[in-house]
Amino acid sequence: MVSKSKMERLLSERRFLVSAELTPPRHHDLEKLLRHARSMADCVDVVQINDHLLSQARCANMVVGHFVKQEGLEPVLQFSLRHKNRIALQGDLLGMAALGLSNIIILGGYPCAIGSDPDAKEVSDVDSYAAIELTRRLTREGKLFNGDVISPAPYFHVGTIDFPCGEQAIAGAMDRLSAKIDAGASFIQVQAVFELASMRRWMAAVVERGLHERAHFIAAIFPFAGVDRLNFLQKVPGLVVPDHLIERVRQSGDAEGESYRITLELVQGLRDIPGLSGIHMRSIGAEDWVPRLVEDAGLRRGRGVGAA
């Protein structure tokens, strides 16, 4: 019997998962990234490694995941479909299995036009529903995407991304979300939010449909420090940063301190929303905040390297 990953085990035991994010550099020197990983080691359960963030060419996250695992942390790898056809996707899955990496988040990815190489061609060979289903089939039956069988079958703990949405669109969003779970997504990471009301409405619909009993839901926040950072995040596709939040930071007289207070409020508020199984900190550029946020939010106990 294939053993579960630490992430899957903690979620199945209904323990509130704490995750942080690392961004591979646009070069090959990983010392700074691994230093951040070490600083998080005793306060998070898993470390997520994004895949060519904002469509910028970066060190391959599978390689980063290998080194992070050597530091004693459990990696979760994002897989952006926009940059991989089905051959590359299967090759990366087999590479992950060879390195003993099993946690994967399947997502479409940002458009190439916003990234480092705007003339790059987008692949989008397999959509997220099909990629989830085919990856789960590879785990259950050892079948590659074309039906060829390999043995032993690799093991993957498969998740995906979803987005909280406005009240008018919730019904359709729940149908799409249910289809992702039907395809085989074991956990759903919800895109980072900057206010709690939208997440409460969205999760209420998830609970009403009973979807939280079929998959684990992980909320996300995006730590920020100051108005300039919020103005940048407001332009990132998929993020909704309300103007009143920017104004609150601007008028505070202590932009970094107020930014931290808002981030902590979000962490504490999300923890109490019914149906959520954990929180992910998109600690891009704010890696140093992670231990402090975990401590101040009362989430540190029993976490980190060696914690089960």
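Our structure's up above, just so we're on the same page.
Residues numbered from 1 in each chain as written. Predicted model: local features only at pLDDT ≥ 70, side-chain atom pairs only at ≥ 80, totals over all residues. Heavy atoms only, no water.

1. Observations concerning the overall build of the protein
The condition that has to hold: Secondary structure elements are defined from DSSP: runs of H or I of at least 4 residues count as helices, runs of E of at least 2 residues count as strands, and each element is numbered from the N terminus. We compute the radius of gyration over the C-alpha atoms and compare it with the globule rule, which gives 2.2 Å times the number of residues raised to the power 0.38. Relative accessibility thresholds used throughout: buried, under 20% of the residue-type maximum; exposed, over 50%; partly exposed, between the two (1.4 Å probe, protein chains only). We call two residues contacting when some pair of their heavy atoms lies within 4.5 Å. In these tables, accessible area is a Shrake-Rupley quantity obtained with a 1.4 Å probe, and a residue counts as shielded only by the protein chains included in the view. The convention is simple: Lys and Arg are positive, Asp and Glu are negative, and His and the chain ends are not counted. By convention, the point assigned to a charge is CZ for Arg, NZ for Lys, CD for Glu and CG for Asp.
Secondary structure assignment for the protein yields 11 helices and eight strands. On C-alpha atoms alone, the protein measures out to a radius of gyration of 19 Å, which is about the 19 Å that the 2.2 N^0.38 rule sets for 308 residues. In terms of overall dimensions, the protein has a C-alpha envelope of 60 × 45 × 45 Å along the principal axes. In the protein, which comprises 308 residues, the proportion classed as buried is 56%. Long-range contacts, defined here as pairs at least 24 residues apart, represent 78% of the contacts in the protein between residues at least 6 apart. For the protein, the exposed area adds up to about 13,500 Å²; of that, 50% sits on carbon and sulfur atoms. In the protein, the 36 positive side-chain charges and the 38 negative ones have mean positions that sit 3 Å from each other.

2. Observations concerning the state of the cysteines
Counted only if it meets this: In what follows, a disulfide is any cysteine sulfur pair within 2.5 Å.
This model, assessed by the stated rule, comprises zero disulfides. Cys 59 supplies the cysteine sulfur nearest to Cys 112, a cysteine that is in no disulfide, at a spacing of 19 Å.

3. Looking at the pattern of salt bridges
Think of it this way: side chains of opposite charge can pair up when their charged atoms draw near. Quick note on the threshold: The salt bridge criterion pairs a side-chain nitrogen of Lys or Arg with a carboxyl oxygen of Asp or Glu, the two atoms within 4 Å.
A full pass over the atoms with the stated rule returns 17 salt bridges. The residue Glu 122 makes a salt bridge to Arg 82 at a minimum N-O spacing of 3.3 Å. Of this pair, Glu 122 sits in the loop between strand E4 (103-107) and helix H5 (128-141) while Arg 82 is found in the loop between strand E3 (75-80) and helix H4 (86-98), placing the two residues 40 residues apart along the sequence. With a closest N to O distance of 2.3 Å, Arg 214 and Asp 182 form a salt bridge. In this pair, Arg 214 sits in the loop between helix H7 (196-208) and strand E7 (216-221) while Asp 182 sits in helix H6 (residues 170-183), placing the two residues 32 residues apart along the sequence. The exposure class assigned to Arg 214 is partly exposed, which follows from its relative accessible area of 39%. Asp 182 gets classed as exposed once you look at its relative accessible area, which sits at 56%.

4. Details of the sheet that holds strand E8 (residues 276-281)
Quick reminder of the rule: Here, any two strands with at least 2 DSSP bridges between them count as paired. To obtain an axis, a line is fitted to C-alpha atoms, over the contacting stretch when the element is a helix, and the angle between two such axes runs from 0 to 180 degrees between their N-to-C directions.
With respect to topology, eight strands assemble into a closed barrel ordered E1-E2-E3-E4-E5-E6-E7-E8, the strand pairing being parallel. The average angle at which neighbouring strand axes cross in this sheet is 30 degrees, direction not considered. Strand direction decides the pairing type here: E3 and E4, joined by five bridges, are parallel. Each bridged residue has a counterpart across the sheet, and for Phe 79 the counterpart in E4 is Ile 106.

5. Considerations on the pairing of E7
Applicable threshold: With the strands aimed away from the viewer, a crossover counts as right-handed if its path from the first strand over the helix to the second runs clockwise.
With six of its six residues buried, E7 lies for the most part within the structure. Covered by surrounding structure in E7 are His 216, Ile 218 and Ala 220 together with Phe 217, Ala 219 and Ile 221, the residues of both alternating faces. Regarding topology, H7 serves as the crossover connection from strand E6 (residues 187-190) to the parallel E7, and that connection is right-handed. Relative to E8, E7 runs parallel, the two being bridged by five bridges.

6. Regarding the nonpolar core
Side chains of nonpolar character tend, in soluble globular proteins, to be buried together. Rules: As used in this record, nonpolar core signifies buried Ala, Val, Leu, Ile, Met, Phe, Trp, Tyr and Cys residues forming a set joined through side-chain atoms within 4.5 Å.
Core analysis: the largest hydrophobic core is formed by 94 residues, its most contacted members being Phe 194, Met 199, Trp 202, Phe 217 and Leu 270. The contacts of Met 199, once residues within four sequence positions are left out, are Val 190, Val 193, Ala 219, Leu 270 and Ile 273. Core analysis: the next-biggest nonpolar cluster, separate from the first, contains 11 residues, Leu 11, Leu 107, Phe 187 and Ile 218 among them.

7. Describing helix H9 (residues 243-251)
Our working definition: The directions from the helix axis to the C-beta atoms form the arc being described.
All buried positions along H9 are accounted for by Leu 245, Ile 246 and Val 249. All buried residues of H9 fall inside an arc of 100 degrees around its axis, so they share one side. In H9, those exposed residues whose orientation departs by more than 90 degrees from the buried face are Asp 243, His 244 and Gln 251. As for H9, its buried residues are in contact with helix H8 (227-233) and helix H10 (255-271). A positive backbone phi angle near 80 degrees is found at Gly 253, which sits one or two residues after H9.

8. Quick notes on the packing of H6 against H7
Axes are the key here: two packed helices are described by the angle between their axes and the distance separating the axes. Let me state the cut-off plainly: Here roughly perpendicular refers to angles of 65 to 115 degrees, roughly parallel to angles under 35, roughly antiparallel to angles over 145, and oblique to all remaining angles. Handedness of a crossing is defined here by the sense of rotation of the near helix relative to the far one, left-handed for an anticlockwise turn of less than a right angle and right-handed for a clockwise turn. In this classification, Asp, Glu, Lys and Arg are treated as charged, Ala, Val, Leu, Ile, Met, Phe, Trp, Tyr, Cys and Pro as nonpolar, and every other residue, Gly included, as polar.
The contact between H6 and H7 brings their axes to 10 Å, and the two run at 55 degrees. By the angle between their axes, H6 is oblique relative to H7. In this structure, H6 meets H7 at a crossing whose hand is right-handed. Side by side, H6 and H7 meet where Ile 170, Ala 173, Met 174 and Leu 177 of the first sit next to Arg 201, Trp 202, Ala 205 and Val 206 of the second. Per-class residue counts for the contact of H6 with H7 are seven nonpolar, no polar and one charged.

9. Description of helix H2 (residues 31-40)
The set of residues buried in H2 consists of Leu 33, Leu 34, His 36, Ala 37 and Met 40. The buried residues of H2 occupy an angular sector of 155 degrees when the element is viewed end-on, so they sit on one face. Residues of H2 that are buried make contact with strand E1 (17-22), helix H3 (61-70) and helix H11 (289-296).

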